Amino acid sequence: MSVSYSVKRLLVALAIFVGSVAAMLALSTLRPPPDIRPVDVTAPLVEIVELSPETVRFAVESQGTVQPLTQTALSAEVAGTIVSMSDGFVAGGSFVAGEVLLRIDPTNYEVAVERAEATVSQRQIEFDGAKKLSEQGYRSSAELASAKAALAAARADLVGAERDLQRTVVRVPYNGLVRERSAQLGDFVSPGTRLGTVFATDVAEVRLPMPDNDLRFVELPDVTRETTAMGPAVSFSGQYHGKPASWRGQIVRTEGVVDERNRMVFAVARIDDPYLLADSSENSKPLPVGTFVKADVDGITVDDVLKIPRGLVRGNNQVIFVDDEQQLRFRALEFLRADAEFAYVLAEQVDERRVLVTKLEAPLNGMKVRTGEDVQSAQGDDDTNDAPSGIASAGGQ
């Protein structure tokens, strides 16, 4: 009896389990399938910059040190003791053309001039006597020629003595400054002794190295032709007494050779009156010799050029554009020129004008993007779609 009851209970429990499973299966078959929605991949929103062709005047950058056009190393031409010096004959001192910078003791040379003058007088008397006697037939032509030669030699000695006397005075034929003084008052000097170095202040020059690639952007004077045409203007910048200063100059020539060490061509720029001795304008600053300056040489003008910000150039020459279908287009460009701020390319070489600014993690060629124009356009469409319902509602009222 007990066994039958247990079996009955087991059968009931089994029936309940089977019924539950059957009900679950029935319900699962009756439930509608889930909706399948396409995955919406949103194109990234990017920033672009619109390029427009413009006319660009290129400038060639260079640098150099200011040097005098005319510099003279003064040396003694005669022997003697330095007996006087100009107050301006010191390092940094100024002088004018023809000013006496120093004197060497002239005593011996004055005596030599007097002796030469006396000799000339004596030889002149001898020549006059020989000529008169020759005319009377008492002297031969050979004796007259000898007297004439002696007179010529005496005059030559006088010229030499006078030149030596002049050389006891040291002067130069230009206005200038003293770079260094090598002799002192009271020094005994001999021919060739270094006295000092001076330079002219009317003009200064700067040698500007230029790489070969930059030469096509600047019109330099042609060294193969005789011409008086000046080269392009130059803007110099540097420091004067610890403050920024600028100056103007002009290319006057090229040196006509290529430096074998760095393959540079040197152009020479000239600055007139660098010390402002002729023009002391308050807005100008002197440009001392030895100053290091940076130079911007005016270059040629090119039309229809696109200026691409240098930060938007990938690698050496790759730029990402956004075409009319809002897709990224990678372009390898042949730049006309590039500097620290821009890369320049002729407009005729590029079809697109919109350059990608946003830094994407993994941009791909042909990748779809959205721009600010797309967002504004989408907002405009939404406003347009809303407008008719509002108008209809108003009409219904």
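You'll find the structure just up there.
Residues numbered from 1 in each chain as written. Predicted model: local features only at pLDDT ≥ 70, side-chain atom pairs only at ≥ 80, totals over all residues. Heavy atoms only, no water.

Peer 1: In this structure, what is going on with the pairing of strand β15 (residues 292-309)? I would like to understand it.
Peer 2: Every other side chain in a regular strand lies on the same face of the sheet, so the side chains alternate between the two faces. Two elements, strand β2 (residues 54-68) and β15, share 10 bridges in a ladder whose sense is antiparallel. Along β15, the bridge assignment pairs Thr65 with Phe292. Looking at chain direction, strand β12 (residues 233-240) and β15 are connected through 4 bridges and run antiparallel. Opposite Val234, over in β15, you have Val297 as the bridge partner. (Pairing = 2+ DSSP bridges. Helix = DSSP H or I, 4+ residues; strand = E, 2+ residues; numbered from the N terminus.)

Peer 1: Got a minute to help me understand the pairing of β12 in this structure?
Peer 2: Side-chain alternation along β12 places Val234, Phe236, Gly238 and Tyr240 on a buried face and Ala233, Ser235, Ser237 and Gln239 on a face that remains uncovered. Alignment of β12 against strand β13 (residues 243-258), held across 8 bridges, turns out to be antiparallel. Counterpart to Gln239 in the pairing with β13 is Pro244. In this antiparallel pair of consecutive strands, β12 and β13, the connection spans 2 residues, and His241 shows a positive phi of 55 degrees. (Buried < 20%, exposed > 50% of the residue type's maximum accessible area, 1.4 Å probe, protein only.)

Peer 1: Quick question: what am I supposed to make of the nonpolar core here?
Peer 2: The tendency in soluble globular proteins is for nonpolar side chains to be buried as a group. One finds Leu208, Val234, Phe236 and Val297 to be the most contacted residues of the largest nonpolar core, which totals 27 residues. Where this core is concerned, the elements lending two or more residues are β2, β11 (203-211), β12, β13, β14 (264-272) and β15. Element by element, the count of residues in this core is highest for β15, at 5 residues. Here Leu208 is in contact with Ser62, Gln63, Gly64, Val234, Phe236, Ile251, Val265, Phe266, Ala267, Ala269, Ala295 and Val297, once residues within four sequence places are set aside. Formed by 20 residues, the second largest nonpolar core is a distinct cluster that contains Phe89, Leu102, Val172 and Val189. (Core = buried A, V, L, I, M, F, W, Y, C linked by side-chain atoms within 4.5 Å. Contact = heavy atoms within 4.5 Å.)

Peer 1: Please explain the layout of surface pockets as it appears in this structure.
Peer 2: If a probe the size of a water molecule is rolled over the atoms, the empty space left behind becomes visible. Size it by volume and the largest pocket reaches roughly 340 Å³. Along the wall of the largest pocket there are 16 residues; nearest its centre are Ala59, Asp214, Arg337, Ala338 and Asp339. Put simply, the parts of the chain that give the lining of the largest pocket at least two residues each are β2 and β18 (337-338). Among the residues making up the lining of the largest pocket, the classes are represented as 8 nonpolar, 1 polar and 7 charged. One number sums up the size of the second largest pocket: a volume of about 260 Å³. Ranked by residues supplied to the lining of the second largest pocket, first place goes to strand β3 (residues 71-75) with 4 residues. Class assignment for the residues of the lining of the second largest pocket results in 7 nonpolar, 3 polar and 4 charged. (1 Å grid on protein atoms, 1.4 Å probe; cavity = no way out; pocket = protein on both sides within 12 Å on 5 of 7 lines; lining within 4 Å. Points joined across faces, edges and corners; volume = space filled by probe spheres on them. Nonpolar A, V, L, I, M, F, W, Y, C, P; charged D, E, K, R; others polar.)

Peer 1: Before we go on, may I ask you to explain unusual backbone geometry in this structure?
Peer 2: Excluding glycine, residues mostly have negative phi values, and the peptide bonds linking residues are mostly trans. Of note in this structure, Asp304 is not a glycine but carries a positive phi near 55 degrees. As for its position among the elements, Asp304 is in strand β15. Of note, Gln326 is a non-glycine position whose phi angle comes to about 60 degrees, a positive value. Inspection of the secondary structure puts Gln326 in the loop between β16 (318-322) and β17 (328-332).

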